[in-house]
Amino acid sequence: MAKDNGSQFGVETTVLGADEIILNMGPQHPSTHGVLRVKLKLDGEKVVASECIIGYLHRGVEKIGENRTYPQFAPYVDRTDYVAAVSNGLGYCEAVEKLLGAEAPPRARWVRTILTELQRIASHLLWLGTHALDIGAITPLFYTFREREEILKIFEKYCGARLTTHAFRIGGLQYETYGGFEDEVKAFCRDFDKRIDEYEELLTSNRIWVERTRNIGVISAEHAIAMAVSGPILRGSGIRWDIRKAMPYAAYDQFQFDIPIGQRGDTYDRYLVRLEEMRQSRRILLQAVESIPEGPILARVGKVIKPPPGEVYHSIEAPKGELGYYIVSDGTTQPYRLRIRPPSFINLQALDRMVQGHLVADVVAIIGTIDIVLGEVDR
Amino acid sequence: MADDQKKDEAQPQPPAGGAAEAPKPVAAEEKKAAPPPKPAAPAKPAIGPEPLDNELVRRLRARFGTALGDATLDRKQAIIVVRERLIEICEYLKAEEKFDFLTDLTAVDWFDRQPRFDVILNLYSFPHNQRLRLKATVGDTCPSVTGVWPGANWLERECYDMFGIRFEGHPNLKRILMPDEWKGYPLRKDYDILKQDTDWVRENIGIESGQ
C-alpha cells in the first residue's frame, strides 16, 4: 500500500490480500474525460491506492516548440488545453511579449481580458455539464452547452474558429472586434446570471448531488500547497490565491472582482467555487465591455520575432489553474527551450490522495472535480 | 568570479556562421549552427540578464557561500544558480524564506556545456507573493527535491523521461509520458525531432519502417 506521506505515489502491486483486486479504469472510459488510465487497488469496493498512467496523448509539444518560430508555435498551444484555447494563447503571447520587452496596447489587453473571461466561463460550463453527467445528472449538460454555444458563437464571429481559436497574436490582436461585439457580450451577461441560478436550482441543494459530493475527495490546504495544486482546487481548500489578483496581467488590475474560496476542500466546495467564479467572470465582463479603450490593437514587435537572449517565466490563471510558460531564448527566431507548466498535469497528481478510502463511483466524481484535460496533461 | 560563466548565461549559443534569417530546417542539430553572435542587438531595448544583489541573495550567500553561482535578474525575475547542496538550499528556502510552493520543475539541455543540464525550479512564496527561480547545474544526476516539496514527484519523473536526468532519492523514478520501454530522451538537444525508437514502434504499433 502506498505510504501516506503525500510524496509516495504509485502502487506497488506485490501481494494482494484476499479481498484486494486491481481494477483498470480507462483509457477508454467515458468518465476519465479522455485517455486517462487509472489503476485502482480495491479492498471490496473501497479504493486503497491508485496510480495514474498517462501519456496516451503525448505529442511532444515542447519539442515542437523548439523547432518552430515564435509566431508559428502560437496555434500549437491551443491544442494543449483544447477546451480553453483562448487562455493558452493569452499565456503564450504574454510570455513572448515579456521576453521581447514589449507590451500589448490597452485596447488589445481589454479585448484579451474579455475573451479570456468568456473562455473561463465556457471551460467551467463544460466542466459543470460533464461533471454532473458523470455523477448521473444528465439535465445540466443540456443547459450548460446551450450557454457555451453562445460563447463559441462570439469566438467564431471574432476569429472564425470555435475551439482552437488562435485568437491572439504576439504583441496584441490580429483582428479588430466585429460590429456589435460589445452588445453580444452584454446580452450574454444579461441572461447568464439567471442561467447560473438555474444550474444551482438543479444541483446545489439536490440531495443526490450533495450526497455524492460532500466530503468526497477532500484535500487540505497544506496538502494542496505541498502538491503544488492550483486554481479552483486550491481555492476550494480555502487558499485565497488567484494570479489575476496576485500578479495581475492583461487588464485584470482595472476591474473589481472577488476570489471565492471554499472551506472544506471537498468536491462540493469546489463546485461552489467554480460556480461563483463564473459569476465573478461575468462581473469582469460587464466592467470590461463598458470601458474598452480606443487605439491600436497591435504593438510594434516587428515582422520577425527575435527576442534578445535570456529567459522568462510567465503564468496566468487559466480556468484549471496556473498555466505557465517558461521560455529560454538564445537570440534566434526559435525558442531554445519552451516549457509549458500545465495545471491539469500537476493537479492530477493529487488524485491518489483524494481517492483513497472512497468508493469506485466516487473516483469518477473526483476525476471530474479535478477538471483535467488530457491534451494538457500529456501535451 | 566566473566571468565566462556569466557570458555563458547571457549568450548561450556558441557563435557560428550563417544568417539567422535563412530558412531553417526543423532538425535540432541544424538549429545549433545558425545564429551570429549578436543578432541586431543595438536596435533592441536593453533587456537581458543583469546581476542581482538583494537581501535574499546576501542571506543565501552568507549561508551557502560558493554553493551558489551567479544571481541574476532577467526580465525582472530573480534567478539564482545553484552549484551544489541543492537540497539544503531548498530546505532553507522553504523553511526560512517561506518559498512553500514549487510551481514548476523542468530542465534545459546545454548540450556542449559541462555539466550539461540546468534543472530549473520555479518557486513561489505565498506570504511574500514572490517568485524565485533556482537553476541547478547538474550532469545527468540530480538530488530529488520530493522530500522538500512532494509535488515534485511527477515533475521529476517527467524530467527524467524527457532529459534522462536521474533524480537520486526519488520514490518512484520511471517514465511518465513516454512508454516505459522507450529508448532515448526526447527533449535532449541531440535527439532529432523526427527521431523515433524504431524498434519500439515496430514491435508495439506494427509499423514495419518504424516511423
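Fair warning: this is a prediction, and the values are worked out from it, not measured in the lab. (Residues numbered from 1 in each chain as written. Chains lettered and ligands numbered in written order. Predicted model: local features only at pLDDT ≥ 70, side-chain atom pairs only at ≥ 80, totals over all residues.)

Engineer: Explain the overall build of chain B to me, please; I cannot follow it from the model alone.
Structural biologist: Check the secondary structure of chain B and you find 6 helices and 8 strands. The N-to-C order of helical and strand elements in chain B reads α-α-β-α-β-β-α-β-β-β-β-α-β-α. Across the 211 residues in chain B, those meeting the buried criterion constitute 36%. Excluding contacts between residues fewer than 6 apart, the proportion of contacts in chain B whose partners are at least 24 apart in sequence is 44%. (Helix = DSSP H or I, 4+ residues; strand = E, 2+ residues; numbered from the N terminus. Buried ≥ 20, exposed ≤ 12 C-beta atoms within 10 Å, placed from the backbone. Contact = placed C-beta atoms within 7 Å.)

Engineer: In this structure, what is going on with the overall build of chain A? I would like to understand it.
Structural biologist: Helix and strand counts for chain A come out as 15 helices and 8 strands. Rg of the C-alpha trace for chain A: 21 Å, near the compact-globule value of 21 Å for 379 residues, within the 12% margin. The proportion of buried residues among the 379 residues of chain A is 57%. Here the analysis covers contacts within chain A between residues at least 6 apart in sequence; of these, 71% occur between residues at least 24 apart. (Rg over C-alpha atoms; globule rule 2.2 N^0.38 Å.)

Engineer: Looking at this structure, I do not really get the packing of helix α4 (residues 106–135) of chain A against helix α5 (residues 139–159) of chain A. What am I missing?
Structural biologist: Packed helices, taken two at a time, are described by the angle their axes make and the gap between the axes. All names here are of chain A. Relative orientation of the contacting elements α4 and α5 amounts to 160°, with a least axis distance of 9 Å. On the basis of the axis angle, α4 is roughly antiparallel to α5. Here α4 runs over α5; the crossing is left-handed. Of the residues in α5, those touching α4 at Leu 118, Ile 121, Ala 122, Leu 125, Leu 126, Leu 128, Gly 129, Thr 130, Ala 132 and Leu 133 are Pro 140, Leu 141, Thr 144, Phe 145, Glu 147, Arg 148, Ile 151, Leu 152 and Ile 154. (Axes fitted to C-alpha atoms, helices over the stretch in contact; angles between N-to-C directions. Parallel < 35°, antiparallel > 145°, perpendicular 65-115°, else oblique. Left-handed = near helix turned anticlockwise from the far one by under 90°.)

Engineer: Please explain unusual backbone geometry as it appears in this structure.
Structural biologist: Between B:Gln114 and B:Pro115 the backbone carries a cis peptide bond, its omega angle lying at -10°. Here B:Pro115 is to be found in the loop between β4 (101–109) and β5 (117–125). The phi angle at A:Asn215 is positive, at roughly 60°, despite the residue not being glycine. The residue A:Asn215 is located in the loop between α7 (207–213) and α8 (221–226) in this model.

Engineer: Honestly, the nonpolar core in this entry has me stumped. Any pointers?
Structural biologist: Core analysis: the largest hydrophobic core is formed by 147 residues, its most contacted members being A:Val96, B:Val119 and B:Ile165. With 14 residues, α4(A) is the single largest residue contributor to this core. Among all residues touching A:Val96, those that are not within four sequence positions of it are A:Tyr70, A:Ile170, A:Ile305, A:Pro307 and A:Ile327. (Core = buried A, V, L, I, M, F, W, Y, C linked by C-beta atoms within 7 Å.)

Engineer: I tried to follow the sheet that holds strand β7 (residues 321–329) of chain A on my own but got confused; where do I start?
Structural biologist: Sheet strands pair by backbone hydrogen bonding; their relative direction is either parallel or antiparallel. All names here are of chain A. The strand order across the open sheet built from 3 strands is β6-β7-β8, with neighbouring strands paired in antiparallel fashion. Strand pairing shows two members of the sheet lacking a second neighbour, β6 (310–318) and β8 (335–341), which therefore form its edges. Adjacent strand axes in the sheet meet at a mean angle of 10°, parallel and antiparallel pairs treated alike. Examined bridge by bridge, β6 and β7 share 9 bridges and lie antiparallel to one another. Paired with Gly 310 across the strands is Ser 329, a residue of β7. (Pairing = 2+ DSSP bridges.)

Engineer: When you look at helix α4 (residues 86–95) of chain B in this model, what are you seeing that I'm missing?
Structural biologist: Every α-helical turn comprises 3.6 residues, leaving residues that sit three or four positions apart pointing alike. All names here are of chain B. Taken residue by residue, α4 has Leu 86, Ile 89, Cys 90 and Leu 93 as its buried positions. Along the axis of α4, the buried residues cluster in a sector spanning 100°; they form a single face. On its buried face, α4 is in contact with α3 (55–64), β3 (77–82), β5, β6 (130–138) and β7 (141–143). (Arc of directions from axis to C-beta.)

Engineer: Help me out: how do you make sense of the pairing of strand β3 (residues 46–53) of chain A in this one?
Structural biologist: Each regular strand carries side chains that alternate between the two faces of the sheet. Residues and elements named next belong to chain A. Here 7 bridges tie strand β2 (residues 37–43) to β3, and the two strands are oriented antiparallel to one another. When the sheet's bridge partners are listed, Arg 37 is paired in β3 with Ile 53. What sits between the antiparallel neighbours β2 and β3 is a turn of 2 residues, in which Gly 44 has the positive phi angle 65°.

Engineer: I tried to follow α5(A) on my own but got confused; where do I start?
Structural biologist: All names here are of chain A. Between its first and last C-alpha atoms α5 spans 31 Å; for 21 residues at 1.5 Å apiece the expected length is 30 Å, and the two agree. Considering only its buried residues, α5 is in contact with α4 and α6 (181–203). Downstream of α5 by one or two residues, Gly 160 has phi in the positive range, about 90°. (Expected span 1.5 Å × (residues − 1).)

Engineer: Even after reading the chapter, I still don't get the sheet that holds β3(B), so can you show me in this structure?
Structural biologist: All names here are of chain B. Reading across the sheet, the 6 strands line up as β1-β2-β3-β6-β5-β4 and stay open at both edges, with mixed pairing between neighbours. A single partner strand is all that each edge strand has here, and the edge strands are β1 (50–51) and β4. Strand direction decides the pairing type here: β5 and β6, joined by 9 bridges, are antiparallel. When the sheet's bridge partners are listed, Leu 123 is paired in β6 with Leu 132. Lying on the sheet, α3 is in contact with β2 (68–74) and β3; it crosses β2 at an angle near 170°.

Engineer: Teacher, can you tell me more about the domain arrangement of chain B here?
Structural biologist: Note: interface size is frequently given as the accessible area lost on complex formation between the parts. Residues and elements named next belong to chain B. On domain assignment, one finds that chain B holds domain 1 (49–177) and domain 2 (184–211). Just the C-alpha atoms count here: the centres of domain 1 and domain 2 sit 31 Å apart. Listed as interface residues are 5 residues of domain 1 and, on the opposing side, 6 residues of domain 2. (Domains from an automatic or database assignment.)

Engineer: I tried to follow the pairing of β7(A) on my own but got confused; where do I start?
Structural biologist: Residues and elements named next belong to chain A. Extensive coverage of β7 is indicated by the burial of 9 of its 9 residues. Taken together, β6 and the strand that follows it, β7, pair antiparallel across an intervening segment of 2 residues. By the bridge criterion, 6 bridges tie β7 to β8 in an arrangement that is antiparallel. Paired with Gly 324 across the two strands is Arg 341, which belongs to β8. Connecting β7 to the next strand, β8, in antiparallel fashion are 5 residues, including Gly 331 with a positive phi near 85°.

Engineer: For this particular structure, what's the right way to read the packing of α5(A) against α6(A)?
Structural biologist: Residues and elements named next belong to chain A. With their axes 10 Å apart at the nearest point, α5 and α6 run at an angle of 165° to one another. Considered as vectors, α5 and α6 are oriented roughly antiparallel to each other. Crossing hand, α5 versus α6: left-handed. Residues Thr 139, Pro 140, Tyr 143, Thr 144, Glu 147, Glu 150, Ile 151, Ile 154 and Tyr 158 of α5 pack against Phe 181, Glu 184, Val 185, Phe 188, Phe 192, Arg 195, Glu 198, Tyr 199, Leu 202 and Leu 203 of α6. For the contact of α5 with α6, the residue count by class is 12 nonpolar, 2 polar and 5 charged. (Nonpolar A, V, L, I, M, F, W, Y, C, P; charged D, E, K, R; others polar.)

Engineer: What should I look at first to understand the confidence of the model for chain A in this one?
Structural biologist: Caution applies to low-pLDDT parts of the model: their predicted coordinates are not meant to be read in detail. Averaged over every residue, the pLDDT of chain A is 87; residues scoring 70 or more account for 95%. This stretch, residues 1–9 of chain A, has a pLDDT under 50; its non-local contacts, to residues over four places away or in other chains, come to 23 contacts. (pLDDT = per-residue confidence, 0-100.)

Engineer: Quick question: what am I supposed to make of the environment of A:Met247 here?
Structural biologist: Residue and element names in this part refer to chain A. Examined against the element boundaries, Met 247 turns out to sit in the loop between α10 (243–246) and α11 (267–290). Note on Met 247: 17 C-beta atoms within 10 Å, which makes it partly exposed. Met 247 sits 68 residues away from Ser 315 along the chain, and the two C-alpha atoms are 8.9 Å apart.

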